[in-house]
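Chain and residue survey
What follows is the residue order along each chain.
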Amino acid sequence: MTHEPSVTRNAATKFAKPRRLLVVSHALHYGHAGEVFSYGPYVREIDIWADLFESVTIAAPFRRGMPEGDCVPFTRPNISVAPQREVGGDTLKAKVALLASVPLLVVGLARAMLKADAIHVRCPGNLGLLGAAMAPLFSRYLVAKYAGQWNGYEGESAPTRIQRRLLGSAWWRGPVTVYGRWPDQPANIVPFFTSMMTAGQVERAVEIAAQKRIGAPLRVLFSGTLQTRKRVDALIDAVRMLDRDGIALEVAIVGDGPEREVLRTRAGDLVSRGVVRFVGALPYDASLQWFEWAHALVLPSRHSEGWPKVIAEGMCYGLVCVGVAHGQVPEMLSGRGILLDTGSPEEIAGALRGIVAAPERYDPVMRAASGWARQFSLDGLRDAIAELLAARWKLPERAAPAVEQPAWRVTGEETR
């Protein structure tokens, strides 16, 4: 059985060498109406990488069909997809299927790596684990991104721990960007901080933040995937406590995921009475409208967030951000938000009750948050990546951009 042919276009190049980048990612990609889609923030970041290379091929799971609501199309013409088998899941059947698929995954990744000059592996993830193990065999130009919590956490899976150890070992000869600064790390571990907002979006957010004042009812936002580890249930339980006390709230839950119906059932009459609204998944630009709407943002997850971009974006808009002290959240919110010890419903309710009781007290917190978060944008990310790779890969000066040639071409098929 063969995959759909991948499609690419010529584009401007910035690095004279290496020119062809392979990205290994577990993110699901969709082919629809002549375009390739994936999760919005991830797409925006890969577009930035594509500005630095002549071509970018993404080795990742791929489906033909309508993308999910939070997906957006890649915009750079030099991006293509080398489809890989879609595997994963928490059931025993899914894990057995994953093990059985390993030889095919190895073959698929090897074929893609043979065509690349440089390899960028994104972890943690099933393909990330294989990518971290295989990439040093195929290229001297290596770079990885570890988007999880680099110092580990209670309940962390064995494959996730193995990925961190591989990337921090002598086997991995390239830089690894991680969220935050951690003591006693190997020299290849590089602190990196990102946002998915463009410079124009940051400017707009800062303008909104300058005018934002907390009013009644308090508008509370959650934005993210509706899955167990995000603990949206704790936010819903907190809202019910406050509602019983007669505190006026409006809560918007932006995002979708496997826990959506369970959470709607848990919210019950809070939804029918308009206290809690399930907005669903939105394209990235549309989701930012809810940051304009909100006064506060709550992220109840207790681990594995690393550097939660949703908090950085909420801060930029001047929201009072409430998060659990783990990963880089304390560095982000100390003096610029509200830190919780455990993220229990009682703690969340107490934080929101405090905002309602003395909103003026949080004016300086909101201004400090926006002033700090405005330093992060996609435009800054492009320059930071270019500087990092040039230094760590010992590259010559970047070449002038070539003339863009937007003609499509088929790059071939992958065997499943």
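No experiment lies behind these values; they were computed from the predicted model shown. (Residues numbered from 1 in each chain as written. Predicted model: local features only at pLDDT ≥ 70, side-chain atom pairs only at ≥ 80, totals over all residues. Heavy atoms only, no water.)

**Things to note about the overall build of the chain**
Scanning the chain from N- to C-terminus turns up 14 helices and 18 strands. Each of the 416 residues in the chain was classed as buried or not, and the buried ones make up 53%. Residue pairs in contact within the chain that sit at least 24 positions apart in sequence constitute 76% of those at least 6 positions apart. For the chain, the accessible area works out to roughly 17,900 Å², and carbon and sulfur atoms hold 53% of it. (Helix = DSSP H or I, 4+ residues; strand = E, 2+ residues; numbered from the N terminus. Buried < 20%, exposed > 50% of the residue type's maximum accessible area, 1.4 Å probe, protein only. Contact = heavy atoms within 4.5 Å. Areas by Shrake-Rupley, 256 points an atom, 1.4 Å probe, with all protein chains shown as cover.)

**Things to note about helix H4 (residues 158-167)**
Listing the buried residues of H4 in full gives Thr-160, Gln-163, Arg-164, Leu-166 and Leu-167. Seen end-on, H4 carries its buried residues on one side only, within an arc spanning 165 degrees. On its buried face, H4 sits against strand S8 (118-123), helix H3 (126-134), strand S9 (141-146), strand S10 (176-178) and strand S11 (189-191). (Arc of directions from axis to C-beta.)

**Side note on the sheet that holds strand S17 (residues 338-340)**
By way of backbone hydrogen bonds, the strands of a sheet pair with one another, either parallel or antiparallel. The parallel open sheet is built from six strands, whose spatial order is S14-S13-S12-S15-S16-S17. In the strand order of this sheet, the two ends are held by strand S14 (276-280) and S17, each with one partner. Taken pair by pair, the neighbouring strands of this sheet meet at an average axis angle of 20 degrees, ignoring direction. This element, helix H6 (residues 232-244), spans strand S12 (218-223), strand S13 (249-254), S14 and strand S15 (296-299) of the sheet and lies at about 165 degrees to S13. (Pairing = 2+ DSSP bridges. Axes fitted to C-alpha atoms, helices over the stretch in contact; angles between N-to-C directions.)

**Let's talk about the pairing of S12**
Burial analysis of S12 places five of its six residues in the buried class, which makes it a mostly covered element. With H6 bridging S12 and the parallel S13, this β-α-β connection has right-handed handedness. Bridge count for S12 against S15 is two bridges, and the pairing is parallel. From the neighbouring strand, Leu-221 faces S15, where its bridge partner is Leu-297. (Right-handed = clockwise from strand over helix to strand, strands pointing away.)

**Observations regarding the environment of Leu-130**
Here Leu-130 is to be found in helix H3. Accessibility expressed as a relative area gives 17% for Leu-130, which makes it buried. Once residues within four sequence positions are removed from consideration, Leu-130 is found in contact with Val-102, Leu-105, Val-106 and Leu-109.

**Section: the side chain of Arg-164**
Mapped onto the fold, Arg-164 is located in helix H4. Those residues in contact with Arg-164 that sit more than four places away from it in its chain are Tyr-146, Gln-149, Trp-150, Asn-151, Gly-152 and Glu-156.

**Here we look at unusual backbone geometry**
The residue after Cys-123, namely Pro-124, is reached through a cis peptide bond having omega -5 degrees. Following the sequence through the fold, Pro-124 ends up in the loop between S8 and H3. Residue Pro-217 is reached from Ala-216 by a cis peptide bond, and omega for that bond is -5 degrees. Within the secondary structure, Pro-217 sits in the loop between helix H5 (199-211) and S12.

**As for the pairing of strand S5 (residues 55-64)**
Burial within S5 is extensive, with seven of its 10 residues counted as buried. Sheet topology places strand S2 (residues 20-24) next to S5; five bridges connect them, and they run parallel. Bridging from a neighbouring strand, Val-24 pairs with Ala-59 of S5. Sheet topology note: the strand S3 (residues 29-32)/S5 ladder contains three bridges and is parallel. In the sheet register, His-29 faces S5, and the bridge partner there is Phe-62. Sheet topology places S5 next to strand S7 (residues 79-84); six bridges connect them, and they run parallel. Its bridge partner being in S7, Pro-61 is matched across the sheet by Gln-84.

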